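Read off the chains here:
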Amino acid sequence: MASSSSRPSSYYDTASFLLSPVRQTAVEVPPAVSSSKGLAMTKSNFIDNDHVPMVTLTSNQDHHPVPIELKSRDCGLDTKQVCPPSLTPESCPHQADLEEKTETCTSWIKHNKHSNKKQSLYHTFRHPVANTTLYGYGISLPRFKSWVHYKLLETSSRQKTAIAMQKNDIMNFISTEMIDPLGPIDKDRLRMKWIERKLIVDKTEVFSKCQNVEVENRSGSVCLEEEESVTKKQDQEKIVLERRRKFEDLLKVYVQRLTDIIKDEVMVPFDLVEWLETFYDCEKVQQLKETNFRKLTFIEQKEAMMQLLRWFRIVFPYYYDECEHCGASYRTETTSGGTERNEVDGETMDLDTNNNNTLEEDPFPPGPFLGFCYPEPHEQLGRAARTEIFECRSCGGYTRFPRYNSVKHIVDNKRGRCGEYSILFYRMLRALGHEARWVVDWADHVWVECWMGDGQWIHLDPCEAALDRTLLYEEWGKKQTYIIAFWAPLRSGGEVSAVQNYISDVTLKYTSDDIDAISKRRKLEKEVVDDIVEKSKSLLRHQLNNVLP
């Protein structure tokens, strides 16, 4: 930790808070603060390009920031600085090192368990010398600190500042607060910071437009039994309606994903058959072509496909967190289900659970994963939707893992998870002439199916080199809610036929549970789910008509 003399004097006079980026807010100063001897408060003009208002507290005694509560009239968020008023200046987290600050914040949150548990961490790093402002949402303080250090090292113009600043010194320029769930406008503002590459998040689902229905708390109201019954029914209908809308919105996301996969197939020239003949086996590739493949017995078909799956798993290893500098990996062993991060563009797979982080979590989570960032321009060429950042536990180096959606980039980089590899294997099957389906499990996994044998969809998982093991994921301990298969024709031949089953609910195929148990987990009736699937089929068919030649 740096000495007091090494810190910029201007920092001691500033306490920054997350407020509405557009509208000014009211500042309420507790009487004990406003009447303190030698203390004056002024509100500065909007600063930086983010238009975040600053509150300046000037003290003549030791230059310690005085914690105050800010209430925003316009954005609807009540935010508090993480320095609780009960702390003395000497123990203020802004002056402590990383461990002390994190421990203090954690203790404060646990002491205030009555507060809204849906609140999330929001970190701000503002360095006046480097003219840099960075943000973190939903991630722990140690992770944010590491990411700030990485960003300072990222560009040559800031290298001197980064090298001169130790990691503990970074803490002197970080403020942290707990904020309430974000509304649509706040999410848009947060997304803009992300696109500007000033923000790191733990889950990209924070940008989703879906909102949980907040049922009004009427515990203190006095009403007749009839009125209470009507109110509860209305609340329940609202919750069911919102749950239905979330499922429908996510289906639209996956419809667009499949459309993008086909668009990449049509628009980006890359001969996967020729590539397979070069790097796999020319004779085996000829056998796998659909015209020859259908002449084989079902047993021979499965053996030929298993050989391809085993080779694929070797050539395209599952990426966990391997450091690109020293090769070290925090986790190198093969994992079972439920351990991956969301693979379909980071969208939430849980329709009812709020996954926002709080300080009550382990302040030093295992593994080197720091968070998700917006991809760089060269990463966007591979249609990366987001990039993961890792910090090596061995050499301290940083590794970027762009989540590519372009098959050419996936093949060239040979780094991916089930998201990338399901797309690649799906495209390989289509290139060989096979009817194939892209299958999304809401329990966070993706695989493919191929039309084989005497006419049946066979399960193929390239990450596990698994064939026709439909209960594999249940063995992992997953409790499936939705498993949806998406299909696109190999060629249109004019307009895509309306009789084809573009979207299928195949959940029952991959679990031993009956429909009643599945519907109970979904909290939606089967008829409702079927109706939404039917509507999504029309959307997919329409989009494919505009893409396929």
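As shown above, the structure is provided for reference.
Residues numbered from 1 in each chain as written. Predicted model: local features only at pLDDT ≥ 70, side-chain atom pairs only at ≥ 80, totals over all residues. Heavy atoms only, no water.

Examining the overall build of the protein
Then step 1. Scanning the protein for helices and strands turns up 18 helices and 19 strands.
Then step 2. Counting the 549 residues in the protein, one finds 51% classified as buried.
Then step 3. Partitioning the intrachain contacts of the protein with sequence separation of at least 6 by distance along the chain shows that 67% fall at a separation of at least 24.
Then step 4. Accessible surface, the protein: about 25,800 Å² in total, of which carbon and sulfur atoms supply 49%. (Helix = DSSP H or I, 4+ residues; strand = E, 2+ residues; numbered from the N terminus. Buried < 20%, exposed > 50% of the residue type's maximum accessible area, 1.4 Å probe, protein only. Contact = heavy atoms within 4.5 Å. Areas by Shrake-Rupley, 256 points an atom, 1.4 Å probe, with all protein chains shown as cover.)

Focus on the packing of helix α9 (residues 272-279) against helix α15 (residues 418-431)
Then step 1. Two elements in contact, α9 and α15, have axes whose closest approach is 9 Å; the angle formed by their N-to-C orientations is 100°. Overall, the two elements α9 and α15 adopt an arrangement that is roughly perpendicular. Mapping the contact onto sequence places Leu272, Val273, Trp275 and Leu276 in α9 and Leu424, Arg427, Met428 and Ala431 in α15.
Then step 2. A class-by-class count of the residues in the contact of α9 with α15 yields seven nonpolar, no polar and one charged. (Axes fitted to C-alpha atoms, helices over the stretch in contact; angles between N-to-C directions. Parallel < 35°, antiparallel > 145°, perpendicular 65-115°, else oblique. Nonpolar A, V, L, I, M, F, W, Y, C, P; charged D, E, K, R; others polar.)

Details of the nonpolar core
Then step 1. Ranked by size, the top nonpolar core spans 68 residues in total, and within it Met305, Phe425 and Phe486 carry the most contacts.
Then step 2. Excluding residues within four positions of it along the chain, Met305 makes contact with Leu288, Phe293, Phe425, Leu429, Cys450, Met452, Leu460 and Leu467.
Then step 3. Listed in part, the 18 residues of the second largest apolar core include Tyr150, Met171, Cys373 and Ile389. (Core = buried A, V, L, I, M, F, W, Y, C linked by side-chain atoms within 4.5 Å.)

Quick look at unusual backbone geometry
Then step 1. Notably, Asp444 is not glycine yet its phi reads approximately 80°, a positive angle.
Then step 2. Tracing the chain through its elements places Asp444 in the loop between β14 (436-441) and β15 (445-452).
Then step 3. The buried category is assigned to Asp444, whose relative accessible area is 10%.
Then step 4. Residues other than glycine seldom take positive phi values, yet Lys523 does so here, at roughly 60°.
Then step 5. Mapped onto the elements of the fold, Lys523 is located in the loop between α17 (515-522) and α18 (526-545).

What about the packing of helix α12 (residues 298-315) against α15?
Then step 1. Where α12 contacts α15, the axes come no closer than 13 Å and their chain directions differ by 145°. With respect to the hand of their crossing, α12 and α15 are arranged in right-handed fashion. Contacts from Met305, Leu308, Leu309 and Phe312 in α12 reach Tyr421, Leu424, Phe425, Met428 and Leu429 in α15.
Then step 2. Its residues assigned to classes, the contact of α12 with α15 shows nine nonpolar, no polar and no charged. (Left-handed = near helix turned anticlockwise from the far one by under 90°.)

Quick look at the environment of Ile484
Then step 1. Along the chain, the position of Ile484 falls in strand β18 (residues 483-487).
Then step 2. Exposure remark for Ile484: the relative accessible area of 0% places this residue in the buried category.
Then step 3. In the structure, Ile484 is positioned 22 residues away from Val506 in sequence and 5.7 Å away in space, judged by C-alpha atoms.
Then step 4. Look past the residues within four positions of Ile484 in its chain and what remains in contact with it is Leu251, Trp438, Val439, Val440, Trp442, Ile503, Ser504, Asp505 and Val506.

In short, shape yes, function no, at least from these values alone.
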